[in-house]
Structures are given as C-alpha cells and as structure tokens.
Amino acid sequence: MQSELSTNRKNRAGRKDRTQQHTCVAMSSRPEHIAPPEVFYNAEEAKKYTCNSHIIEVQGSLTRRCLELLNLPDGQPCLILDVGCGSGLSGEEITDAGHEWIGVDISKDMLDVAREREVDGDLQQLDMGDGVCFRPGCFDGVISVSALQWLCNADKSSHDPRKRMSRFFTTLYGCLARGARAVFQFYPETPDQMFLLTKQALRAGFSGGIVIDYPNSTRAKKVFLCLFAGVAAALPQGKEGNPDDEDAEDDDDGSEAGAATEASFVAATKKAVRRTKKGDRTPLKGKDWIKAKKERRRRQMGDFEVRPDTKYTGRRRKAKF
C-alpha cells in the first residue's frame, strides 16, 4: 500500500514538472515573463545569447536602424549611451560607425561576457529604473535595443513601473545635450505599454513619439520610441513595404513623419484611453489574466509565496450584498 502511494506521488510530481516545463517553453518568447533580467540573463544565457548567429544579425540590424534615427552629423565622432548594452553586440555597431559609447546593463554576467570580448566602450552595471547618473549634457545620443519593455514589469514588491519610468526618463533628459535624440527599440506587449512609456517620456520633458517600421508585417514589424531633448522636431518616417526589399531601406531619408505610422499609434492610444473610461464595464484584468500573473509569480518566487487558485479566483463581486 505504501509503495503504491509513493508511486502515485512520484507520478503526480512528474506531471507537475512537465507542466511547468511546457509552460516555460510556451512563454519563452517574452523573457520578462520568466524572471527578472539580472536572473534570466545568467552566465549560461549570456554566452548562448552572444554566440547565436541569428541574434547577432538582428541586433546589428536594429542598432544600425537606431543610429539612422539618431541622425548624427556625418564625419563627426559622438558620445552615445547604450542602455541595456548586454554583451556589447550593439556597441560593436556603434564603434564601426565611428562613435564612442558607454554601455549600461543590469546583468553582471552579460557585462562579464562583454569584457571577455574586449569591446571598445566603457561598461557600467546599473538598473535603468533607478535612473542614469552622468554629467549633465554629456551625451550626443542614446540608443537602446530590446530593453525598454523591462520597465513595464514590477519584479520586486518595491517596484512601481510608473515611478521607475519617470525616474529613468527624467535623469536621461538631464544627461543629454540640447537637441540630442534618444531612440529605443522595444517590444511592447500591449498598446497600453506603448502609450504609458510615451506618456512618461513626454512628462519628463522630451518631445517625440512612436515610429513603426513595417506596420503591416507580423514578423518584421519593429517599434521605436524616438525622443528629442530640448527641441521639437518632426518624427522620422517609419519604413513600409516589403522588409526584404533593400530599396525601401535606401529610400528612407528619416525626415518626414509617416502618416500611416502616426495614425496607427494614435488609434492604439485612443483605444487604450477608451478602455479606461468610467462606466466601461469590460473587465481589463479578467480571470485568465489573474491566473497567468499568479503562474508567473510562482515561477519567480515559488509556490509558497503565492496563494493557491480557488473557485473565487478572479470572480467579480456583485454591486450589492
């Protein structure tokens, strides 16, 4: 009898482990759902990330596009801040373009790989949600590739995404030269995240907005937050057409505002505002959203830190008792 009970327990434990593994694999497309950045990008993941030929190609392409949107003067070396520099893949593109750079990242293991690769830029470990502390007006531009979306997460009980965004954009505005640009390529999970990041940046003193490359493509669509410090300028034009067509890349002069891109962003922001109007009875955070969030917290903190699901989880309360 005892042997049968122990066998059943092992089978249940095995099924639970397999379920958790399948869940992690299913959500692996968004690392911020799995663990905080300093935990997710450990030594093993940092080396794997740096040796992946596809990631190297994508990082290089996105960095070159960010530099193009910065619109730096030709033939003049500039000092650029690389936020979320990782192992230095984006920094190498900055060096190849003839500029100096300083890279910041929260992952110590990523920075260790960058030092092993002997990149040309200076490296510093910091959490961008705590702000960037540099001399006022010292940078001619800022780029960031695939990092800004981490600000939308609350990985600790003390984290308030809105306050962290405000602190980051406010301190960043102070260390930029007048007329400089900051270009962030990121992966917003929802239009609300895109709207919130833009709102906090504008509150900090920036002007600018969202630029979208290939808005009608599912795989090639890329979102950029393009900000201007101290000046008001027209947004660069987002690329359109076939992403495999090199002519589309050559024809973009980065000077005119893209009507389709701007319209798509305005529609997304209006949708986000409508959803938050008083009297809208559509639940923004339903039962499925609550269960998914609790599952993420269990993977990060363990089963004992999160209350178990019951029949009352996510149930809406009646207006009257």
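Residues numbered from 1 in each chain as written. Predicted model: local features only at pLDDT ≥ 70, side-chain atom pairs only at ≥ 80, totals over all residues. Heavy atoms only, no water.

1. Notes on the overall build of the protein
Moving on, step 1. Helices and strands together make up the secondary structure of the protein, namely 11 helices and seven strands.
Moving on, step 2. Within the span of the protein, comprising 321 residues, buried residues form 42% of the whole.
Moving on, step 3. A fraction of 63% describes how many contacts in the protein between residues 6 or more apart in sequence connect residues 24 or more apart.
Moving on, step 4. Surface summary for the protein: the accessible area is close to 18,900 Å², and the carbon and sulfur share equals 49%. (Helix = DSSP H or I, 4+ residues; strand = E, 2+ residues; numbered from the N terminus. Buried < 20%, exposed > 50% of the residue type's maximum accessible area, 1.4 Å probe, protein only. Contact = heavy atoms within 4.5 Å. Areas by Shrake-Rupley, 256 points an atom, 1.4 Å probe, with all protein chains shown as cover.)

2. Remarks on the packing of aromatic side chains
Moving on, step 1. Enumeration over the complete set of coordinates arrives at nine aromatic pairs.
Moving on, step 2. Both rings, one in Tyr173 and one in Phe206, keep their centres 5.0 Å apart while their planes meet at 85°; by these two values the pair is edge-to-face. Remark: Phe206 occurs in the loop between α8 (191-203) and β6 (207-213) and Tyr173 occurs in helix α7 (residues 161-174); sequence separation between them is 33 residues.
Moving on, step 3. Taking relative accessible area as the criterion, Tyr173 reaches 28% and is therefore assigned partly exposed.
Moving on, step 4. Overall, Phe206 belongs to the buried group, its relative accessible area being 4%.
Moving on, step 5. In this structure an aromatic cluster arises from ring pairing among Phe168, Phe169, Tyr173, Phe184 and Phe206.
Moving on, step 6. Above the face of the Phe224 ring, Arg65 is positioned so that its terminal group lies 5.9 Å from the ring centre. (Phe/Tyr/Trp six-rings, centres within 6.5 Å; stacked < 30°, edge-to-face > 60°. Lys NZ or Arg CZ within 6 Å of the ring centre and 35° of its normal.)

3. Details of the nonpolar core
Moving on, step 1. Counting residues in each nonpolar core, the largest one holds 46 residues, and the members touching the most others are Leu148, Phe168, Phe169, Leu172 and Phe184.
Moving on, step 2. Here this core takes five residues from strand β5 (residues 176-186), the largest share from any one element.
Moving on, step 3. Those residues in contact with Phe169, other than ones at most four positions away along the chain, are Leu148, Phe184, Leu197, Gln200, Ala201, Ala204, Phe206, Leu225 and Leu227.
Moving on, step 4. Of all hydrophobic cores here, the second largest spans 23 residues; its members include Cys66, Leu67, Leu70 and Ile94. (Core = buried A, V, L, I, M, F, W, Y, C linked by side-chain atoms within 4.5 Å.)

4. Comments concerning the confidence of the model for the protein
Moving on, step 1. Predicted confidence across the protein gives a mean pLDDT of 79, with 76% of residues reaching 70 or more.
Moving on, step 2. Here helix α9 (residues 246-251) stands out as the least confident element of the protein, with mean pLDDT 42; strand β1 (residues 79-83) is the most confident, with 96.
Moving on, step 3. The low-confidence segment residues 246-279 (pLDDT under 50) makes 39 contacts with residues lying over four places distant or belonging to another chain. (pLDDT = per-residue confidence, 0-100.)

5. Here's the deal with the side chain of Gln193
Moving on, step 1. Mapping Gln193 onto the fold places it in helix α8.
Moving on, step 2. Not counting residues up to four positions away in its chain, the partners in contact with Gln193 are Cys152 and Pro188.

6. A closer look at the sheet that holds strand β3 (residues 122-125)
Moving on, step 1. The seven strands lie next to each other as β3-β2-β1-β4-β5-β7-β6, forming an open sheet whose pairing is mixed. Since the sheet does not close on itself, it has two edges, and those belong to β3 and β6, each with one partner. Neighbouring strand axes in the sheet, compared pairwise and without regard to direction, differ in orientation by 20° on average.
Moving on, step 2. Two elements, β6 and strand β7 (residues 222-228), share seven bridges in a ladder whose sense is antiparallel. The residue of β7 that forms the bridge with Gly209 is Cys226.
Moving on, step 3. Set on the sheet, helix α4 (residues 53-70) makes contact with β1, β4 (139-145), β5, β6 and β7; between it and β4 the angle comes to about 145°. (Pairing = 2+ DSSP bridges. Axes fitted to C-alpha atoms, helices over the stretch in contact; angles between N-to-C directions.)

7. With respect to the packing of α7 against α8
Moving on, step 1. At a closest axis distance of 9 Å, the pairing of α7 and α8 adopts a crossing angle of 45°. Classified by the interaxial angle, the pair formed by α7 and α8 is oblique. As α7 packs across α8, the resulting crossing turns out to be right-handed. Taken together, the residues of α8 that come into contact with α7 (itself represented by Arg162, Met165, Ser166 and Phe169) are Leu196, Leu197, Gln200 and Ala201.
Moving on, step 2. Its residues assigned to classes, the contact of α7 with α8 shows five nonpolar, two polar and one charged. (Parallel < 35°, antiparallel > 145°, perpendicular 65-115°, else oblique. Left-handed = near helix turned anticlockwise from the far one by under 90°. Nonpolar A, V, L, I, M, F, W, Y, C, P; charged D, E, K, R; others polar.)

8. Section: the pairing of strand β2 (residues 100-105)
Taken residue by residue, a regular strand's side chains alternate between the two faces of the sheet.
Moving on, step 1. Along β2, five of the six residues are buried, which leaves the element largely enclosed by surrounding structure.
Moving on, step 2. Of the strand pairs in this sheet, β1 and β2 are connected by five bridges, and their pairing is parallel. For Leu81, the partnering residue across the bridge sits in β2 and is Ile102.
Moving on, step 3. The parallel pair β1 and β2 is bridged by helix α5 (residues 89-96), and the resulting crossover is right-handed.
Moving on, step 4. Of the pairings in the sheet, the one linking β2 to β3 comprises four bridges and is parallel in character. (Right-handed = clockwise from strand over helix to strand, strands pointing away.)

9. Side note on the pattern of salt bridges
Moving on, step 1. According to the stated counting rule, one finds nine salt bridges in the structure shown.
Moving on, step 2. Measuring nitrogen to oxygen at the nearest pair gives 2.9 Å for the salt bridge that ties Asp309 to Lys294. Taken as a pair, Asp309 in the segment after α11 (287-301) and Lys294 in helix α11 lie far apart in primary sequence, 15 residues in all.
Moving on, step 3. Residue Asp309 is classed as partly exposed on the basis of its relative accessible area of 37%. (Salt bridge = Lys/Arg side-chain N within 4 Å of Asp/Glu carboxyl O.)

10. Brief notes about α7
Moving on, step 1. The first and last C-alpha atoms of α7 sit 20 Å apart over 14 residues, in line with the 20 Å expected at 1.5 Å per residue.
Moving on, step 2. Within α7 the residues assigned to the buried category are Pro161, Arg164, Met165, Phe168, Phe169 and Leu172. One side of α7 holds all its buried residues, which, seen down the axis, span an arc of 120°. Away from its buried face, by an angle of more than 90 degrees, α7 presents the exposed residues Arg162 and Lys163.
Moving on, step 3. Residues of α7 that are buried in the fold lie against β1, β4, β5, α8 and β7. (Expected span 1.5 Å × (residues − 1). Arc of directions from axis to C-beta.)

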